[in-house]
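Listed below are the residues making up each chain.
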Amino acid sequence: MLLLLGSFLLLLIIGTPVAVSMAVASLLYLVIYGVAPDIIAAQRMIAGVESFPLIAVPFFILAGNLMNIAGVTGRIYRFALALVGWMKGGLAQVNIIGSVVFSGMSGTALADAAGIGTIEIKAMKDHGYPVEAAVGVTAASATLGPIFPPSLPFVIYGMMANASIGALFMAGIIPGVVMTVLMMVTVYIFARRKGWGSDTPFELKQLLGASLEVLIVLAFPALIYLMILAGLSINIAVLIGLAFLVALDWYYDFSAVMALMTPVLLIGGMTMGWFTPTEAAVAAVLWSLFLGLVRYRTMTLRTLAKASFDTIETTASVLFIVTAASIFAWLLTVSQAAQLFSDFLFGLTDNWWTFLLIVNILLLIVGAFLDTIAAISILVPILMPVAARYGIDPVHLGLVITLNLMIGLLTPPVGMVLFVLSRISKLSVERTTLAILPWMIPLFIALGLITFVPAITLWLPTLLGLIR
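Quick look at the structure, then. These numbers come from a predicted model, not from an experiment.

**A closer look at the overall build of the protein**
Thinking step 1. The secondary structure content of the protein amounts to 25 helices and zero strands.
Thinking step 2. Against the 2.2 N^0.38 benchmark of 23 Å for 468 residues, the protein shows a C-alpha radius of gyration of 22 Å, consistent with a compact globule.
Thinking step 3. With respect to the principal axes defined by its C-alpha atoms, the protein has extents near 70 × 55 × 50 Å.
Thinking step 4. When each of the 468 residues of the protein is scored for burial, the buried share is 55%.
Thinking step 5. Excluding contacts between residues fewer than 6 apart, the proportion of contacts in the protein whose partners are at least 24 apart in sequence is 78%.
Thinking step 6. For the protein, the computed accessible surface area is about 19,800 Å², with 71% contributed by carbon and sulfur atoms.
Thinking step 7. Placing the 19 positive and 19 negative side-chain charges of the protein at their respective mean positions leaves the two points 9 Å apart.

**Here's the deal with the environment of Pro58**
Thinking step 1. Position of Pro58 relative to the elements: it lies in helix H4 (residues 56–69).
Thinking step 2. Residues Pro58 and Ser308, spaced 250 residues apart in sequence, show a C-alpha to C-alpha distance of 9.7 Å.
Thinking step 3. If near-sequence neighbours (up to four positions away) are discounted, Pro58 is found in contact with Thr311 and Thr315.

**A look at the packing of aromatic side chains**
Thinking step 1. Applying the stated criterion across every chain, the model contains eleven aromatic pairs.
Thinking step 2. Aromatic pair Tyr129 and Trp196: ring centres 5.3 Å apart, planes at 70°, arrangement edge-to-face. Taken together, the residues Tyr129 in the loop between helix H8 (116–126) and helix H9 (131–142) and Trp196 in the loop between helix H12 (173–194) and helix H13 (204–229) connect sequence positions 67 residues apart.
Thinking step 3. Residue classification places Trp196 among the buried residues on the basis of a relative accessible area of 10%.
Thinking step 4. Members of the aromatic cluster, joined through ring pairs, are Tyr129, Phe190, Trp196 and Trp439.
Thinking step 5. One residue, Arg295, lies across the ring of Trp250, its end atom 5.3 Å from the ring centre.

Definitions and limits used
- Residues numbered from 1 in each chain as written.
- Predicted model: local features only at pLDDT ≥ 70, side-chain atom pairs only at ≥ 80, totals over all residues.
- Heavy atoms only, no water.
- Helix = DSSP H or I, 4+ residues; strand = E, 2+ residues; numbered from the N terminus.
- Rg over C-alpha atoms; globule rule 2.2 N^0.38 Å.
- Buried < 20%, exposed > 50% of the residue type's maximum accessible area, 1.4 Å probe, protein only.
- Contact = heavy atoms within 4.5 Å.
- Areas by Shrake-Rupley, 256 points an atom, 1.4 Å probe, with all protein chains shown as cover.
- Lys, Arg positive; Asp, Glu negative; His and termini not counted.
- Charge placed at Lys NZ, Arg CZ, Asp CG, Glu CD.
- Phe/Tyr/Trp six-rings, centres within 6.5 Å; stacked < 30°, edge-to-face > 60°.
- Lys NZ or Arg CZ within 6 Å of the ring centre and 35° of its normal.

Below, the structure written as structure tokens:
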């Protein structure tokens, strides 16, 4: 185990990519100790990606890319501006609400930061906000991407932990709301202290218009239910409801009704049994294509090709990490690292609170050095058996792991969101890090609540019968 972990860390220190470091360390372990034939490495790597849930990875990535080129981000921004732009610290509040909506499409923090984050930072700078404030609130709100469904890290975790991806998606909704409220309260406090005012005048017409869009989306499930009570089949009711919604949106040209419908369709489709979470990724792509090609007509063959090639590039890097991590995680299991870690922790404490506190510290450290997908692939096989001994639900553990690793994306030396925002804002990495620090407060409060109050995570999936 020392050879495996030591060679992996050494390769990381000298600048070797994470996936290559895991693959080389694994091969070195196999050659020196001969625990299995060399061909096992290839077999385990192939087995690591031979998984139906992993089909969701390229489709969720493609859906996020298509939403970006369809002009949806601009519409989300205008909707959020009408809804909360009149509040104190208006554009900072807009930043958070925009991320909430966009998270229902992208599933990743990087897509959120690079997509709608680009618009939000520019708008805040143009309205006189310090660039540090714009970067800080954008970084904090980007963590919502993988918490609200759909979520790419949840797909990877569900596969590694053999947990229900549908339950993980539902479990992220209330924690996402808690995080949103905490961030908005933080913006209000900063606005009071720093004298930030509203950025658009309060106009009842605009507020009612934005609120109407929310009500239309929320009324959609009720409309479907009424049609079913009237004797229509679910399929016919949904098709009629969608046709009515599209016609309404086409006539009034709402800012974000169709964008807001994305998470409703995905969650509703999974709840009604129309499709699995994996198939929901395909549904997200089809909806994105409809918006870009039919409703908004903003996609061209050139932009469609660019989105496809970007998806191929991102998917290849993600799945390469998964393949390398699968052999690495298998060897950690073979070397009894999980059992040793479990015995060590039980020697320290038999209290699940203390265990989760240790896990949080470990994950915050690991998240600062490792890519999210690699960290999940490596740590889940080790932590899952230990969590089971403490009676911790796998879905609850999944939320804790994901949020910790999202915070890790904001911290040096390897935080990807940190570097993306540094490039967008043209700040140095050091200044970007300092700008993000105050906005860590609501994230750590949310992390504490989600970690030590399991009901926040488990209530909704239990209510829906997804877990027992």
